[in-house]
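Reading the structure
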Amino acid sequence: MSESDDRKQQMEAFLTYLFVEKNGSVLTGENYRRDIGDFEQFLLPKLGAGFAWPQVQVIHIRSYLAFLNQQHYARRTIMRRISSLRSFYKYLLREGLVTANPFAGVRTPKLDKRLPVFLEESEIDAILDLPDETALGLRDRAVLEMLYATGCRVSELAGLKTGDVDLGSLFVLLHGKGNKDRIVPIGHTCRKALLNYFQKSRVPIMQKYGVEEHQFVFINNRGGRLTDRSVRRILDKYVQQLAIRKKVSPHTIRHTFATHLLEHGADLRAVQELLGHASLSTTQIYTHITNERINKVYQKNFPRA
């Protein structure tokens, strides 16, 4: 077996490890494959086609960083690539395929903190009022209400099953990253939207197209499972109707959910639990938003500001 075959085999073993042991998503696997592959292509002219992963040294990594900077890659992209390669070498080290991780001591450029984009209460209210009373309009309203009521990720919404929804107790079970489940409450407005959708939209659409009953809550216009991409299209449709200038995605609704909770006095740790964040530091970005808004209100309204 050639060295190039060895490299490929080791990378594939790493990707399998991500899926099986780390419960990584398909998208995560694709990102790792691309990041490792790009680094491999960069090394070929320097080390030759027969190079092996243990030959990589810190000097090669620094050269790669310089190349990425010269190509004007965003710092966030550079950080992701180095993080992918650091994880790959950590795996190789664990498996005894290398004797050291050359990425362990490599510093990556610090990121500027970017505050999440969110919608004002008037903006999200306007979006939620747009869907009509047709079967698809009722479905759209239920989708939008669920996004805002729970702050769920788009993948969590698309994967929601009928057994995960308890309209009597006003709770839904969300299946998050890494197979981590969490129970999130929903309000009466979301419950009403879901009831209307179940009674007047979901069943009639599935019957119309002869689709056998399945467990997924949200369906497309032909009764099949609603995909992540379709959820984005639904939101885009209503954002365009309102001509909102902000770049709005389903994740923007998640940011909006968290921001509005904190602005109305919610505890940061409770918001962390609702969002399914593993670390409180991830949730703390929203305190920067609320603090900034408080400061603007102070500067605008206090006479001696």
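Refer to the structure presented above.
Remember, predicted model here, so these are calculated numbers, not experimental data.

**With respect to the sheet that holds strand S1 (residues 165-166)**
Taken in spatial order, the three strands of this open sheet run S1-S2-S3, and their pairing is antiparallel. In this open sheet, the two edge strands, each paired with only one partner strand, are S1 and strand S3 (181-185). Bridge analysis of S1 against strand S2 (residues 171-175) gives two bridges, and the strand direction is antiparallel. Among the inter-strand pairings, Val165 is bridged to a residue of S2, identified as Val172.

**So, helix H11 (residues 268-275)**
Burial in H11 covers these residues: Leu268, Val271, Gln272, Leu274 and Leu275. The buried side chains of H11 occupy one side of the element, clustering within an arc of 165° when seen end-on. Taking the backbone nitrogen of Arg269 as reference, a side-chain oxygen 3.0 Å away marks Asp267 as the first, capping residue of H11.

**What about the nonpolar core?**
Residues Ile127, Met146, Leu157, Leu194, Phe218 and Ile253 are the most contacted members of the largest nonpolar core, which totals 50 residues. Beyond its immediate chain neighbours, meaning those up to four positions away, Met146 contacts Gly151, Cys152, Leu157, Leu160, Val172, Cys190, Leu194 and Phe218. The next biggest cluster of nonpolar side chains, apart from the first, holds 27 residues, and it includes Met11, Leu15, Phe51 and Phe88.

**With respect to helix H4 (residues 75-94)**
With 20 residues, H4 extends 28 Å between its outermost C-alpha atoms, agreeing within 8% with the 28 Å of an ideal straight helix rising 1.5 Å per residue. Among all positions in H4, only Ile78, Arg81, Ile82, Ser84, Leu85, Phe88, Tyr89, Tyr91 and Leu92 are buried. Of the residues flanking the end of H4, it is Gly96, one or two places downstream, whose phi is positive at about 75°.

**Remarks on the packing of aromatic side chains**
This model, assessed by the stated rule, comprises 16 aromatic pairs. Cation over ring: Arg81 sits above Tyr73, and NZ or CZ is 4.6 Å from the ring centre.

**Observations regarding the pairing of S2**
Residues Val172 and Leu174 line the buried face of S2, whereas the alternating positions Phe171, Leu173 and His175 sit on a face that is not buried. Where S1 hands over to S2, the hairpin turn is made up of four residues, of which Leu170 adopts a positive phi near 60°. For S2 and S3, the ladder comprises five bridges, and the chain directions are antiparallel. Within S3, the position partnered with Leu173 by the bridge is Ile183. Counting the residues between successive antiparallel strands, the hairpin from S2 to S3 contains five residues, one of them, Gly178, with a positive phi of roughly 65°.

**Some words on the side chain of His255**
Tracing the chain through its elements places His255 in helix H10 (residues 250-263). By relative accessible area, which is 15% here, His255 ends up buried.

**What about the environment of Ser83?**
Relative to the elements of secondary structure, Ser83 occurs in helix H4. Considering only alpha carbons, one finds Ser83 and Glu292, 209 residues apart in sequence, at a separation of 31 Å.

**Considerations on the environment of Phe67**
Checked against the element boundaries, Phe67 lands in helix H3 (residues 58-70). Relative accessible area serves as the criterion here: at 30%, Phe67 is assigned to the partly exposed category. Between the alpha carbons of Phe67 and Val106 there is a distance of 15 Å; along the sequence they are 39 residues apart.

**Focus: the pattern of salt bridges**
A complete count under the given rule lists 13 salt bridges for this structure. A salt bridge links Arg33 to Glu12; the nearest nitrogen and oxygen atoms lie 2.5 Å apart. Of this pair, Arg33 sits in helix H2 (residues 26-47) while Glu12 sits in helix H1 (residues 3-20), and the two are 21 residues apart along the sequence. For Arg33, a relative accessible area of 38% translates into the label partly exposed. Taken together, the salt bridges that share partners define one network made up of Glu21, Arg94 and Glu95.

**Digging into unusual backbone geometry**
The bulk of non-glycine residues show a negative phi, and the bulk of peptide bonds are trans. With phi around 60°, Leu170 is a residue other than glycine that occupies positive phi space. For Ala243, which is not a glycine, the phi torsion comes out positive at approximately 55°. Position of Ala243 relative to the elements: it lies in the loop between helix H9 (228-242) and H10. Residue classification places Ala243 among the exposed residues on the basis of a relative accessible area of 58%.

Cut-offs applied
Residues numbered from 1 in each chain as written. Predicted model: local features only at pLDDT ≥ 70, side-chain atom pairs only at ≥ 80, totals over all residues. Heavy atoms only, no water. Pairing = 2+ DSSP bridges. Helix = DSSP H or I, 4+ residues; strand = E, 2+ residues; numbered from the N terminus. Buried < 20%, exposed > 50% of the residue type's maximum accessible area, 1.4 Å probe, protein only. Arc of directions from axis to C-beta. Polar contact = N/O pair within 3.5 Å; in protein donor to acceptor, adjacent residues only side chain to side chain. Core = buried A, V, L, I, M, F, W, Y, C linked by side-chain atoms within 4.5 Å. Contact = heavy atoms within 4.5 Å. Expected span 1.5 Å × (residues − 1). Phe/Tyr/Trp six-rings, centres within 6.5 Å; stacked < 30°, edge-to-face > 60°. Lys NZ or Arg CZ within 6 Å of the ring centre and 35° of its normal. Salt bridge = Lys/Arg side-chain N within 4 Å of Asp/Glu carboxyl O.

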